[in-house]
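Structure assessment
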Amino acid sequence: FFAMANLAQVEHEIGLLVKTFQRIGSPGPHGQQLEFGLLFKDDEVQNTFESLMGTLKAAKKRGVITYVPQLLLQGSHDHEIITLLNADWVGKSNATATYETVSAVALEATSEPLPEVLQVAEDKKDPAAQLSAPSPQGDKCMSVSMETIAEVEAKLQAQREAEAKQMQQVKDSEERRARQVRMEKAKREVEMEAAQREAMEEKKQKAAAMGEGSARNVNVLRAAFENPQAMYPYIQLKLPGSKLTKDQIDITKRETYLSEEEFSTVMGMDRHAWSK
């Protein structure tokens, strides 16, 4: 009797599960579908089912629903898709009526002798016979081919694999982009260091050149101060046609009478270099 009552309870809860899919499920390629997490957290589901996991397993065994994992766990499988394969399922008989009938019998059995319980069962058209009698709807439920279930599960598995592959491709693309950014940054740092070294070298060369020029100018000024002599424009010193006499200049050292600017222009070098 209690086994009969348990069977009625299970089929009653499977019927309620089908109604839940119709209430909060969404259309899918093979029927109404629902994420496990959404089903688990539904207030009406929590208040209705004593063991949601047991009801899901029983419904899957009867071909009413399908999902891939053997065991659904809250958190880990919140996004696992459960598909309703048989929206017309009502059990081997009218599950709701049978459940109510057996419940009534159980209540009467707590206060009445066994013969009267049997009489109630007979008056109620024998719930046990109803549970064991073949039903076209029950046969339809059990006739859902394993090939169809396997096909649905294979498609779900292929969908998950495709999503995982796409996520891996996105991850690889992000890693390549990050690596390229790091390489470009390192390249810019190397170029900046090279530019800084080049600028420093240029400054050193300019400083050295300025130092040499200053020293040369000092030497020229010192020589001019120590050995003062008249300066003449190049046009007056050049030959032929110079009107300067040997009393005015040393005609063998005409270049010494040039100004610093004309000396560098005419001779192509400064006095210091010329003296060497």
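A separate point is the overall build of the protein. Per the secondary structure count, the protein includes twelve helices and four strands. Restricting the contact set of the protein to residue pairs at least 6 apart, pairs at least 24 apart contribute 60%. Within the structure as shown, the protein displays about 19000 Å² of accessible surface, and the carbon and sulfur contribution to it stands at 56%.

Bringing helix 4 (residues 52-61) into the picture now. Those residues of helix 4 that fall on the buried side of the exposure criterion are Leu-52, Met-53, Thr-55, Leu-56, Ala-58 and Ala-59. Following helix 4 by one or two positions, Gly-63 adopts a phi angle in the positive range, close to 80 degrees.

The subject of this paragraph is the pairing of strand 4 (residues 81-84). Across three bridges, strand 2 (residues 31-35) lies against strand 4 in antiparallel orientation. If you follow Glu-35 over to strand 4, its bridge partner there is Ile-81.

Pairing within the open sheet is antiparallel, and its four strands lie in the order 1-2-4-3. Looking at the sheet topology across the chains shown, the edges are occupied by strand 1 (26-28) and strand 3 (65-66). Relative to strand 4, strand 3 runs antiparallel, the two sharing two bridges. Residue pairing for strand 4: Thr-66 is matched across the bridge by Thr-83.

Turning next to the packing of aromatic side chains. What the rule picks out here adds up to three aromatic pairs. Judged by centre distance (5.8 Å) and plane angle (45 degrees), the ring pair of Phe-36 and Phe-40 falls under tilted. Highlighted residues: Phe-36 and Phe-40, both in helix 2 (residues 36-41), separated by four residues, approximately one helical turn. The exposure class assigned to Phe-40 is partly exposed, which follows from its relative accessible area of 28%. Between Tyr-232 and Tyr-257, the ring centres sit 6.2 Å apart and the planes meet at 55 degrees, which makes this aromatic pair tilted. Note that Tyr-232 is positioned in the loop between helix 9 (146-226) and helix 10 (234-237) and Tyr-257 in the loop between helix 10 and helix 11 (260-267), a separation of 25 residues in sequence. Using a relative accessible area of 18% as the deciding quantity, one classes Tyr-232 as buried. Overall, Tyr-257 belongs to the buried group, its relative accessible area being 8%. The lysine or arginine in question, Lys-60, covers the ring of Tyr-67, its NZ or CZ lying 4.3 Å from the ring centre.

As for its placement among the helices and strands, Asp-88 is situated in the loop between strand 4 and helix 5 (95-109). Sequence separation of Asp-88 and Lys-19 is 69 residues, and the distance between their C-alpha atoms is 9.8 Å.

Moving on: a positive patch on the surface. On the surface, Arg-176, Arg-177, Arg-179 and Arg-182 cluster together into a positively charged patch. Tracing the backbone shows Arg-179 in helix 9.

With that out of the way, let us pick up the side chain of Gln-9. Looking at the secondary structure, you find Gln-9 in helix 1 (residues 2-24). Under the relative-accessibility criterion, Gln-9 is labelled buried at 17%.

Looking now at the pattern of salt bridges. Scanning all chains against the criterion turns up five salt bridges. Its salt-bridge partner being Arg-160, residue Glu-80 comes within 3.0 Å of it at the nearest N-O pair. Residue Glu-80 is located in the loop between strand 3 and strand 4, and its partner Arg-160 is located in helix 9; the two are separated by 80 residues in the primary sequence. Owing to a relative accessible area of 8%, Glu-80 belongs among the buried residues under this scheme. On the accessibility criterion, Arg-160 (28% relative accessible area) is partly exposed. Here the residues in one salt-bridge network are Arg-23, Asp-42 and Glu-44, joined through shared partners.

Grouped together as the largest cluster of nonpolar side chains are 21 residues, with contacts concentrated most on Leu-17, Leu-39, Leu-56, Val-64, Ile-65 and Ile-82. When near neighbours in sequence (up to four residues on either side) are disregarded, Leu-56 contacts Leu-17, Phe-36, Leu-39, Ile-65, Tyr-67, Leu-72 and Ile-82. In this structure, Tyr-232, Leu-237, Ile-249 and Tyr-257 belong to the second largest nonpolar core, which totals seven residues.

What follows deals with the confidence of the model for the protein. The share of residues in the protein with pLDDT of 70 or more is 70%, and the mean pLDDT across the chain is 76. A low-confidence stretch, residues 93-134 (pLDDT under 50), is modelled with 38 contacts involving residues beyond four sequence positions or located in other chains.

About the thresholds
- Just so you know, the residues in each chain are numbered from 1, in the order the chain's sequence is written.
- Whole-chain, interface and lining totals are the exception, using all residues; otherwise, since this is a predicted model, local features are given only for residues with pLDDT of at least 70 and side-chain atom pairs are given and counted only at 80 or more.
- Hydrogens are left out, water is left out, and the side-chain values use all remaining heavy atoms of the structure.
- Each helix corresponds to a stretch of at least 4 residues labelled H or I by DSSP, and each strand to a stretch of at least 2 residues labelled E; elements are numbered beginning at the N terminus.
- Whether two residues are in contact is decided by their heavy atoms, any of which lying within 4.5 Å being enough.
- Only the protein chains shown count as cover for residues, and all accessible areas are computed by the Shrake-Rupley method using a 1.4 Å probe.
- Working definition: with a 1.4 Å probe on protein chains only, accessible area under 20% of the residue-type maximum means buried, over 50% means exposed, and in between means partly exposed.
- Only when DSSP finds a minimum of two bridges between them are two strands counted as paired.
- Pairing of aromatic rings covers Phe, Tyr and the six-membered ring of Trp, with a centre-to-centre limit of 6.5 Å; geometry is then stacked below 30 degrees between planes, edge-to-face above 60, and tilted otherwise.
- Criterion for a charge above a ring: Arg CZ or Lys NZ at most 6 Å from the ring centre, at most 35 degrees from the ring normal.
- Grouping into patches uses exposed residues only, defined as over 30% relative accessible area, and leaves out salt-bridged ones; the cut-off is 9 Å for like charges and 5 Å for nonpolar side chains (Val, Leu, Ile, Met, Phe, Trp, Tyr).
- In the sections that follow, a salt bridge refers to a side-chain nitrogen of Lys or Arg positioned within 4 Å of a carboxyl oxygen of Asp or Glu.
- Residues scored as charged are limited to Lys and Arg (positive) and Asp and Glu (negative), so that His and the chain ends carry no count.
- For the purpose of locating charges, the reference atoms are NZ of Lys, CZ of Arg, CG of Asp and CD of Glu.
- Among the buried residues, those of types Ala, Val, Leu, Ile, Met, Phe, Trp, Tyr and Cys that are joined through side-chain atoms within 4.5 Å form a nonpolar core.
- pLDDT gives the predictor's per-residue confidence on a scale running from 0 to 100.

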